[in-house]
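Listed below, chain by chain, are the residues.
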Amino acid sequence: MFTGNQVWAARVLAGLSREDAAERAGISLDALADIEARGGAPISPDEAVTMRLISALGAAGVEFHDGPGVRLRGAADEGLRPEDLNAENDG
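Residues numbered from 1 in each chain as written. Predicted model: local features only at pLDDT ≥ 70, side-chain atom pairs only at ≥ 80, totals over all residues. Heavy atoms only, no water.

**Describing helix α4 (residues 48–59)**
With 12 residues, α4 extends 17 Å between its outermost C-alpha atoms, agreeing within 8% with the 16 Å of an ideal straight helix rising 1.5 Å per residue. For α4, the complete set of buried residues consists of Thr50, Leu53, Ile54, Ala56, Leu57 and Gly58. Where the residues of α4 are buried, they touch β1 (2–3), α1 (4–13), α2 (18–25), α3 (29–37), β2 (42–43) and β3 (62–64). One or two positions beyond α4, positive phi appears at glycine 61, with a value near 105°. (Helix = DSSP H or I, 4+ residues; strand = E, 2+ residues; numbered from the N terminus. Expected span 1.5 Å × (residues − 1). Buried < 20%, exposed > 50% of the residue type's maximum accessible area, 1.4 Å probe, protein only. Contact = heavy atoms within 4.5 Å.)

Following this line, the structure appears as structure tokens:
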């Protein structure tokens, strides 16, 4: 399941305006606005409009994760986890 919040976050991470995202997905601007307005409510992935939008955002470099998460492909794979920080790798 996806949420309107995830779609909004994915669009913003990809640097797309609503107009750009709607055009890339081949959906109306009103349909995109309606999806984003759902907030944290689940959006059925069975809806063709939703899947076209998710595919377009994926093509723009966004990954959707189970739960509420989205990220840019490869963006969070750099750096150290907090539990791995120590005096040897400080700075």
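**Thoughts on the pattern of salt bridges**
As enumerated under the stated definition, the model contains five salt bridges in all. Its salt-bridge partner being glutamate 47, residue arginine 38 comes within 3.5 Å of it at the nearest N-O pair. For glutamate 47, a relative accessible area of 30% puts it in the partly exposed group. The salt bridge partner of glutamate 63 is arginine 71, with a shortest N-O separation of 3.1 Å. By relative accessible area, which is 24% here, arginine 71 ends up partly exposed. (Salt bridge = Lys/Arg side-chain N within 4 Å of Asp/Glu carboxyl O.)

**Considerations on the nonpolar core**
Core analysis: the biggest nonpolar cluster contains 18 residues, and Val7, Ala10, Ile27, Leu32, Leu53, Leu57 and Phe64 have the highest contact counts within it. Mapped onto this core, the elements with two or more residues apiece are α1, α2, α3, α4 and β3. The greatest single-element share of this core, amounting to four residues, is contributed by α4. Not counting residues up to four positions away in its chain, the partners in contact with alanine 10 are Leu57, Val62, Phe64 and Val70. (Core = buried A, V, L, I, M, F, W, Y, C linked by side-chain atoms within 4.5 Å.)

**Some details on the side chain of threonine 3**
Tracing the chain through its elements places threonine 3 in strand β1. In this structure, threonine 3 is in contact with Gly39, Gly40, Ala41, Pro42 and Ile43, ignoring residues within four places of it in sequence.

**Looking at the environment of alanine 41**
Relative to the helices and strands, alanine 41 is located in the loop between α3 and β2. Linking alanine 41 and methionine 1, residues 40 residues apart in sequence, is a C-alpha distance of 9.5 Å.

**Some words on the packing of α3 against α4**
Interaxial distance between α3 and α4 falls to 11 Å at its minimum, and their mutual angle equals 90°. Classified by the angle between their axes, α3 and α4 sit roughly perpendicular to one another. Only Val49, Thr50 and Leu53 of α4 make contact with α3, whose side of the interface consists of Ala31, Leu32 and Ile35. Grouping the constituent residues of the contact of α3 with α4 by class yields five nonpolar, one polar and no charged. (Axes fitted to C-alpha atoms, helices over the stretch in contact; angles between N-to-C directions. Parallel < 35°, antiparallel > 145°, perpendicular 65-115°, else oblique. Nonpolar A, V, L, I, M, F, W, Y, C, P; charged D, E, K, R; others polar.)

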